[in-house]
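Structural description and commentary
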Amino acid sequence: MKSNTLALALATLLAAGAAVQADAAAPARAASAAIVEAVQMPAWVERNGENIPLAPGMALRDSDHVRTGEHSRLLLRMPEGSAVKLGENAGLALDSLRMQRGRFAGAMRVVFGAFRFTTDLLAKAGGVRRELDISVATVTIGVRGTDIWGKSTRERDIVCLIEGRIQVQRGADAEFVMDQPLSYYVAPRRAPAMPVAPVPMAQFREWAAETEIEPGRGAARRGGRWKVVLATVDTQEDALRVYDTLRDAGYAADIDPQKVGEKSIYHIRLSHLPSRAEAQALADSIRGSMGIAEPRVSR
């Protein structure tokens, strides 16, 4: 019975892995609240009481909560083409995001950490109206097509307008408009909010770097074809043990079974790396942790 249960579990895991890979190759579906474009692991989505590691191509849904771990970054693609970036140790809740008749509307809640909402040239030229409310803990931002950065910490909430125009409101305070590029607003936890002021360029660059995928840190991306083989084992039990350890830690591992003569072996892998260099960086970062001794790069 145990053997049958393990076989069924393994088949289920393999099917799930294949589905994620298919998602990665397919265009974003309109029904999705967002698509994972790139992830610098570890990162998870909390859904129906479960923590599921994020992988490129994964479709996110309304009411999903995504979070990143230490040294992590996350890039999400919204249905109309805009992007949401999260820095390390950040959390974001999605609520009622929808595309309807040329209008992208809904709400996102930054629970903690740094984020950036941005639209590229194609998204700006697409003629889509945006009616988003983004809350950064105590501060709510009305977004109608813009580029903003924000962060929530224990001490304060920060909103930085990079370009565009936003409506900002802190709690019961009066709503006001920010429309000056590279201006910022700070709301301390236990003090009145500070006046909007220009952000020094050095400070802006430091903030912006907190939400950017870092080159050379092993980030996985949609369309990436390189892999890191973390372990090769002889039994389903060992394969599932390694698989569970990695996924609990926020790494979207999959299992690749192979036949060698009459013998079955199981490769536990991380996929979607965009280059050999990024795959090697990821392998080096994992070596010696989570029971992984000698990860190797493959294609």
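The structure reproduced in this document is the subject of the present report. None of the values given here were measured: they were computed from a predicted structure.

Side note on helix 3 (residues 201-209)
Taken as a whole, helix 3 has its buried residues at F204, W207 and A208. Buried residues in helix 3, looked at end-on, bunch into an arc of 100 degrees, giving them a common side. With respect to the buried face of helix 3, the exposed residues turned more than 90 degrees away are A202, R205 and E206. If you follow the buried residues of helix 3, they end up packed against strand 9 (103-118), strand 12 (147-152), strand 13 (156-163) and strand 16 (183-188).

A short note on helix 5 (residues 276-286)
Side chains of residues three or four places apart in an α-helix project in the same direction, reflecting 3.6 residues per turn. Restricting attention to buried positions, one finds in helix 5 the residues E278, A279, A281, L282, A283 and I286. Close packing links the buried residues of helix 5 with strand 19 (226-233), strand 21 (263-273) and strand 22 (296-298). Residue G288 follows helix 5 closely and has a positive phi angle near 90 degrees.

Description of the side chain of R73
Following the sequence through the fold, R73 ends up in strand 6 (residues 73-77). Take R73: its relative accessible area is 8%, and that puts it in the buried class. Among the polar contacts made by the side chain of R73, one reaches the main-chain carbonyl oxygen of E212 at a distance of 3.1 Å. Excluding residues that lie within four positions of it along the chain, R73 makes contacts with V39, Q40, T68, L86, G87, E88, A209, E210, T211, E212, I213 and E214.

The rules behind each value
Residues numbered from 1 in each chain as written. Predicted model: local features only at pLDDT ≥ 70, side-chain atom pairs only at ≥ 80, totals over all residues. Heavy atoms only, no water. Buried < 20%, exposed > 50% of the residue type's maximum accessible area, 1.4 Å probe, protein only. Helix = DSSP H or I, 4+ residues; strand = E, 2+ residues; numbered from the N terminus. Arc of directions from axis to C-beta. Contact = heavy atoms within 4.5 Å. Polar contact = N/O pair within 3.5 Å; in protein donor to acceptor, adjacent residues only side chain to side chain.

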